[in-house]
Amino acid sequence: MDNAPLLFQLPDDDTLYRALLERDPAYDGFAFVGVKSTGVFCRLTCAARKPKRENTVFFSSIKACVEAGFRACLRCRPLEQTGAQEPLVKQLLALLEHNADKRWYEGDLIELGFDPSTVRRAFKRHFGVTFLEMARLRRIGEGMQQLAGGASVIDAQISASFDSDSGFRSAFTRLLGQPPSNLRGRELLKADWLQTPIGVMLAVADAQALHLLEFFDRPALATELKRLQEHTGSTIGFGRFAPIDQIESELRRFFAGESASFTTPLALNASAFTRTVWQALRAIPPGVTRSYAEVASSIGSASAVRAVARANGANQIAIVIACHRVIGSDGSLTGYGGGLWRKRWLLEHERRLYAQVQARQHLRADEPVAG
């Protein structure tokens, strides 16, 4: 769930999902649901067939829905409902719906008898984006789908109704943060939230591997996501690939105290040295800690303690790449991107898990041998 306005704090997602099932009007205009399996967002009172819980994500604004890549439901029409009290908004939404391929300019609004400044303020007030931005987002979405399917930039440009290649590239880069050529033939990265006993985590993956696993309240998360997009040349949308399902299952076993083994394929987006450090972190057994100096020595770079510390801090796959098992030479916890309280919790949890494994092994060793 995204951050709600201070004047209206949304309840937890389970409460919102119940409201969705019951079509509770109490949250109309304050909460919206994005359906990851269809890519649309709805009001909670939508009469459409209800999605599964795991396919939903809740937002406190239409702007958040649009920026997350969801399009408005054609059944409950959340855009129209939100702006229904303002005639110019209702009229322009209808025009946008019936002219989805049109390239809109301020001059078009003037010809229709609208004041562009009034329209801009009205759409920003209701939706958080201007009318012209909303129109461009719809057209860019068409082009993005074409590119992701392997189409050429020129074909995507035509599909998105742009006259010039430069105009398409400029609009695409401005709205999505990368040039269209970077997306051609690529599957988008997909992201989803994972619930854990110590907080919500965000997992990002492509079809082959997990790229990021971080606690959602980590201060550096936005920077990490931007760096990931730059490194992969891809955008991030809501949804799931198989690696997210796998890591969710493995995390569930980890937090239940059943296993500390992770076999989810990882995409290590880093330099060769940093990848070497990360592999060394993965080799630290659960229930055991190492100092930065010990990690440096283990990779044959005893003098590179500071570089090891930087690589440790650059880890983007929490828990699996066990940066939390690295402590100061004096035994202090030092830093942790997810917060020191989580680092302490993880170390204590793994010590208990290690003790349980050892106890089970002793029990098996003490069992009499048959025959």
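Rules used throughout
Residues numbered from 1 in each chain as written. Predicted model: local features only at pLDDT ≥ 70, side-chain atom pairs only at ≥ 80, totals over all residues. Heavy atoms only, no water. Helix = DSSP H or I, 4+ residues; strand = E, 2+ residues; numbered from the N terminus. Buried < 20%, exposed > 50% of the residue type's maximum accessible area, 1.4 Å probe, protein only. Contact = heavy atoms within 4.5 Å. Areas by Shrake-Rupley, 256 points an atom, 1.4 Å probe, with all protein chains shown as cover. Core = buried A, V, L, I, M, F, W, Y, C linked by side-chain atoms within 4.5 Å. Axes fitted to C-alpha atoms, helices over the stretch in contact; angles between N-to-C directions. Parallel < 35°, antiparallel > 145°, perpendicular 65-115°, else oblique. Nonpolar A, V, L, I, M, F, W, Y, C, P; charged D, E, K, R; others polar. Pairing = 2+ DSSP bridges. Salt bridge = Lys/Arg side-chain N within 4 Å of Asp/Glu carboxyl O.

Asks: Describe the overall build of the chain, and please don't skip the residues or the numbers.
Replies: Helices and strands together make up the secondary structure of the chain, namely 15 helices and 10 strands. Here the chain holds 371 residues, and the buried ones make up 45% of them. The long-range share in the chain, meaning contacts at least 24 apart out of those at least 6 apart in sequence, stands at 57%. When the accessible area of the chain is evaluated, it comes to approximately 18,700 Å², of which 51% is carbon and sulfur surface.

Asks: Talk me through the nonpolar core; I want residue IDs and the actual numbers.
Replies: In this structure, Phe123, Phe127 and Phe131 are the most contacted members of the largest nonpolar core, which totals 36 residues. At the level of secondary structure, the elements contributing two or more residues to this core comprise β3 (56-59), α2 (62-67), α4 (87-98), α6 (116-127), α7 (131-148), β5 (189-194), β6 (201-205) and α10 (221-232). Of all the elements, α4 adds the most residues to this core, at 5 residues. Of all hydrophobic cores here, the second largest spans 33 residues; its members include Ala203, Phe255, Phe262 and Ala296.

Asks: Quick rundown of the packing of α4 against α6? Include the residues and the values.
Replies: Where α4 meets α6, the closest approach of the two axes is 10 Å, and the angle between their N-to-C directions is 90°. In terms of orientation, α4 lies roughly perpendicular with respect to α6. Mapping the contact onto sequence places Leu88, Val89, Leu92 and Leu93 in α4 and Thr118, Val119, Ala122, Phe123, His126 and Phe127 in α6. Residues of the contact of α4 with α6, tallied by class, amount to 8 nonpolar, 2 polar and no charged.

Asks: Tell me about the sheet that holds β3, residues and numbers included.
Replies: Reading across the sheet, the 4 strands line up as β3-β1-β2-β4 and stay open at both edges, with mixed pairing between neighbours. For this open sheet the edge positions go to β3 and β4 (71-72), each flanked by a neighbour on one side alone. Two strands pair when backbone bridges link them, and strand β1 (residues 32-35) and strand β2 (residues 40-43) are joined in this way by 4 bridges, in the antiparallel orientation. What sits directly across from Phe32, in β2, is Arg43.

Asks: Tell me about the pairing of β5, residues and numbers included.
Replies: Within β5, 5 of the 6 residues are buried, leaving the element largely enclosed by the surrounding structure. In this sheet, β6 lies alongside β5 in antiparallel orientation, the contact comprising 5 bridges. Counterpart to Ala191 in the pairing with β6 is Val204. Hairpin connection, β5 to β6: the antiparallel pair is bridged by 6 residues, and Gly199 has positive phi, about 125°.

Asks: Give me unusual backbone geometry: which residues, what numbers.
Replies: Phi at Arg77 takes a positive value of approximately 45°, unusual for a residue other than glycine. Looking at the element boundaries, Arg77 is found in the loop between β4 and α3 (78-82). What makes Arg77 partly exposed here is its relative accessible area of 31%. Phi angles above zero are rare outside glycine, and Ile319 is one such case at about 70°.

Asks: Outline the pattern of salt bridges, listing residues and values.
Replies: Per the counting criterion, the structure on display carries 7 salt bridges. Residues Arg218 and Glu224 are paired through a salt bridge, measuring 3.3 Å at the closest nitrogen-oxygen approach. Here Arg218 falls in the buried class, since its relative accessible area comes to 16%. For Glu350, the salt bridge is made with Arg325, and the minimal N-O distance between the two is 2.8 Å. Of the two residues, Glu350 is situated in helix α15 (residues 340-366) and Arg325 in the loop between α14 (305-313) and β10 (326-327); the sequence distance between them amounts to 25 residues. Overall, the relative accessible area of 0% leaves Glu350 in the buried class. For Arg325, a relative accessible area of 5% gives the class buried. It is possible to trace a salt-bridge network through shared partners that takes in Glu214, Arg218 and Glu224.

From the geometry alone we can't say anything about function, so treat these as descriptive.
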